[in-house]
Amino acid sequence: MTIIVWTPEAMAADRLSTRGDTNYYLRKLWRVGNEVIGLAGGSDYCVALLAWFQAGAQLEDWPRWQDKDDYAIALVARHGRCFLYDRTPYPIEILQDFCAIGSGREVALGALSQGASAVDAVTSAIIWTNTCGGIIDREALV
């Protein structure tokens, strides 16, 4: 499970991933060119979607499995703005001053609405949900 948070200052994420009742810890944030990309969903889908971004994110190369029930979601910080990629290669611009995706998003959004930093919002999700955990990664955006 996952929590990924964007603010104009930083993107932050936990490292917890689960398979059944086993916990794994893995990276969920990557720098690709001048973007920071946070990925949520099945780790295999996330790695495949990351490869699409690394290869230049061409529309015609969009992974066809993204329109299935299991897929990855990307939160992309680009030029001070945030974009969400869900089931299509067409980004959705987030117009708020913050965003969160993953199973801990509701807790994180509550913290963000009260002025929390990206790291503090991830910390809240780790404390208040049983689906987020591990070390917090942070990528500065300014």
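Higher on the page you've got the structure.
The following refers to the structure shown.

Quick notes on the rules
- Residues numbered from 1 in each chain as written.
- Predicted model: local features only at pLDDT ≥ 70, side-chain atom pairs only at ≥ 80, totals over all residues.
- Heavy atoms only, no water.
- Helix = DSSP H or I, 4+ residues; strand = E, 2+ residues; numbered from the N terminus.
- Buried < 20%, exposed > 50% of the residue type's maximum accessible area, 1.4 Å probe, protein only.
- Contact = heavy atoms within 4.5 Å.
- Lys, Arg positive; Asp, Glu negative; His and termini not counted.
- Charge placed at Lys NZ, Arg CZ, Asp CG, Glu CD.
- Arc of directions from axis to C-beta.
- Pairing = 2+ DSSP bridges.
- Axes fitted to C-alpha atoms, helices over the stretch in contact; angles between N-to-C directions.
- Phe/Tyr/Trp six-rings, centres within 6.5 Å; stacked < 30°, edge-to-face > 60°.

Helix and strand counts for the chain stand at 3 helices and 11 strands. Order of helices (α) and strands (β) in the chain, N terminus to C terminus: β-β-β-β-β-β-α-β-β-β-β-α-α-β. Over its C-alpha atoms, taken along the principal directions, the chain stretches across nearly 40 × 35 × 20 Å. Looking at the chain as a whole, 44% of its 142 residues are labelled buried. For the chain, restricting intrachain contacts to residue pairs at least 6 apart in sequence, the fraction spanning at least 24 positions comes to 54%. Side-chain charges in the chain split into 12 positive and 17 negative, and the spacing between the mean points of these groups amounts to 3 Å.

Taken together, the buried positions of helix H3 (residues 118–128) are occupied by Ala118, Ala121, Val122, Ser124 and Ala125. In an axial view of H3, the angular spread of the buried residues amounts to 155 degrees, which keeps them on one side of the axis. Buried residues belonging to H3 abut strand S1 (4–6), strand S2 (10–13) and helix H2 (105–113).

This brings us to the environment of Trp128. Topologically, Trp128 is positioned in helix H3. For Trp128 and Gly104, which are 24 residues apart along the polypeptide, the C-alpha to C-alpha distance reads 8.4 Å.

It is worth spelling out the sheet that holds strand S10 (residues 99–101) at this point. Pairing in this open sheet of 4 strands is antiparallel, and the strands run S10-S1-S2-S11 from one edge to the other. What marks the edges here is a single partner per strand, and that holds for S10 and strand S11 (137–140). Shown here is a sheet whose adjacent strand axes are inclined to one another by a mean of 10 degrees, direction ignored. Note: S2 against S11, 4 bridges, orientation antiparallel. Across the sheet, Met11 pairs through a bridge with Glu139, a residue of S11. This element, H2, spans S1 and S10 of the sheet and lies at about 165 degrees to S10. The strands that H3 touches are S1, S2 and S11; relative to S2, the one it contacts most, it runs at about 20 degrees.

Applying the stated rule across the entire model yields 4 aromatic pairs. Measuring from centroid to centroid gives 4.9 Å for Trp52 and Phe53, while their planes differ by 70 degrees, and the two rings are edge-to-face. The exposure classification of Trp52 matches that of Phe53, with both residues buried. Their ring planes at 90 degrees and their centres at 5.1 Å tell us that Phe53 and Tyr85 sit as a pair that is edge-to-face.

Here the focus is the sheet that holds strand S6 (residues 35–41). One key point about sheets: their strands pair by backbone hydrogen bonds, in either a parallel or an antiparallel sense. A sheet is described by the order of its strands in space; here 5 strands give the open sequence S5-S6-S7-S8-S9, paired in antiparallel fashion. The open sheet has two edge strands with one neighbour each: strand S5 (29–32) and strand S9 (92–94). Between one strand and the next, the sheet's axes are offset by a mean angle of 30 degrees, whatever the strand orientation. Relative to S9, strand S8 (residues 81–85) runs antiparallel, the two being bridged by 3 bridges. Bridging from a neighbouring strand, Phe83 pairs with Glu93 of S9.

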